[in-house]
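Examining the three-dimensional arrangement
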Amino acid sequence: MTALLRPALVLFALFSALTGLAYPAAITGIAKLLFPAQTQGSLLREGDRVVGSALVGQPFRDPRWFWGRPSATAPFAYNAAASSGSNQGPMNPALRDAVTARIAALREADPENDASVPVDLVTASGSGLDPHVSPAAALYQAARIARARGLAEADVRALVLRHVEQPLLGLLGAPRVNVLAVNVALDGAAP
C-alpha cells in the first residue's frame, strides 16, 4: 500500500505545482506582456487620477455629461459585485412603467429634443454594467450637453464621432461609444 501511495502523492504534488502555479503564472505573464492595459482593469485616467474602468458603466445624471444605459444592479446602480439584469420581459408591466419613466426623465432633461429616444437609453443591459451606448444614443444627448456646457452642438457631435468604437474585426458587435471615455474627453473640451 505504501509503495502505491508515494508515487501517487509525488504525482499529485507535481501536477498541483504545474497546473496550479506554473501554468497560471505563465499565462498571467504572457497576458501582462501582450495586454498590459487590460490586465490592469482597463483603467481610464484623468491626469494621475483613475476615474474608472472602460469595462464597467458609471452613473452620470448631471445634464453636462453623457448618460449611459440604465443599470439593474442592486443595491445601487453599476454595482460590479452584483452584476445582473432586471429579468423583466417585454410584456412585464414593471418594465413598461420603468421605460416610460425613463423616457419622461430624458424629455424633462432636454425638452427641446423631440427625436425618438434610442432604446439603449431606457433599457438595462443583461449585466447591468454596460459601459457603452450606441452612437445614436450618444448623439441624441449632444444638444443637451452642448447647452449645459456652453459648447457648439457640432463640436459635441464631432467628439462623439471620434469616440465611436467599431465592431471587433469589423464583424463582431455593433458600433458603440464608451460613456466614461467620451465624458473624460468632454472635460478636455469644455470651458
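Structural data are supplied above this passage.
What you see is a predicted model; the values in this text were computed from it and never measured.

**Description of empty space enclosed by the protein**
Under the definition given, this model contains one cavity of 30 Å³ or more. Taken as a whole, the largest cavity holds about 50 Å³ of empty space. In terms of lining residues, the largest cavity is bounded by Val56, Gly57, Gln58, Phe60, Gly68, Tyr78, Asp130, Pro131, Asn178, Val179 and Leu180.

**Concerning helix α5 (residues 142-149)**
Most of α5 sits inside the fold, with six of its eight residues counted as buried. Every buried residue belonging to α5 is among Ala142, Ala143, Arg144, Ile145, Ala146 and Arg149, and all of these are buried. Immediately downstream of α5, the backbone of glycine 150 shows phi near 70°, a positive value.

**Focus on helix α6 (residues 153-162)**
Residues three or four positions apart in an α-helix share a direction because the helix packs 3.6 residues into each turn. By the burial criterion, the buried members of α6 are Val156, Leu159 and Val160. Buried residues along α6 cover an arc of 100° about the axis, so they all sit on one side. When the buried face of α6 is taken as reference, the exposed residues oriented beyond 90 degrees from it are Ala154, Leu161 and Arg162.

**Looking at unusual backbone geometry**
Leaving glycine aside, a negative phi is the common case for residues, and trans is the common case for peptide bonds. The backbone phi angle of leucine 169 is positive, close to 60°, even though this residue is not glycine. Tracing the chain through its elements places leucine 169 in the loop between β4 (164-165) and β5 (176-178).

**Things to note about the nonpolar core**
Among the nonpolar cores identified, the biggest contains 28 residues, and Phe66, Leu106, Leu121, Val133, Val156 and Val177 are the most heavily contacted of them. With four residues, the top contributor of residues to this core is helix α7 (residues 179-189). Those residues in contact with leucine 121 that sit more than four places away from it in its chain are Trp67, Gly68, Pro70, Leu106, Val133, Ala137, Tyr140 and Gln141.

**Some points on the packing of aromatic side chains**
Using the criterion set out here, one finds one aromatic pair in the structure. For the ring pair phenylalanine 60 and tryptophan 65, a centre distance of 5.9 Å and an interplane angle of 40° mean the geometry is tilted. Each member of the pair, phenylalanine 60 as well as tryptophan 65, is classed as buried. The residue whose ring lies beneath arginine 144 is tryptophan 67, and the NZ or CZ to ring-centre distance is 3.9 Å. Positioned over the ring face of tryptophan 65 is arginine 149, at 4.5 Å from the centre of the ring.

Cut-off values and rules
Residues numbered from 1 in each chain as written. Predicted model: local features only at pLDDT ≥ 70, side-chain atom pairs only at ≥ 80, totals over all residues. Heavy atoms only, no water. 1 Å grid on protein atoms, 1.4 Å probe; cavity = no way out; pocket = protein on both sides within 12 Å on 5 of 7 lines; lining within 4 Å. Points joined across faces, edges and corners; volume = space filled by probe spheres on them. Buried < 20%, exposed > 50% of the residue type's maximum accessible area, 1.4 Å probe, protein only. Helix = DSSP H or I, 4+ residues; strand = E, 2+ residues; numbered from the N terminus. Arc of directions from axis to C-beta. Core = buried A, V, L, I, M, F, W, Y, C linked by side-chain atoms within 4.5 Å. Contact = heavy atoms within 4.5 Å. Phe/Tyr/Trp six-rings, centres within 6.5 Å; stacked < 30°, edge-to-face > 60°. Lys NZ or Arg CZ within 6 Å of the ring centre and 35° of its normal.

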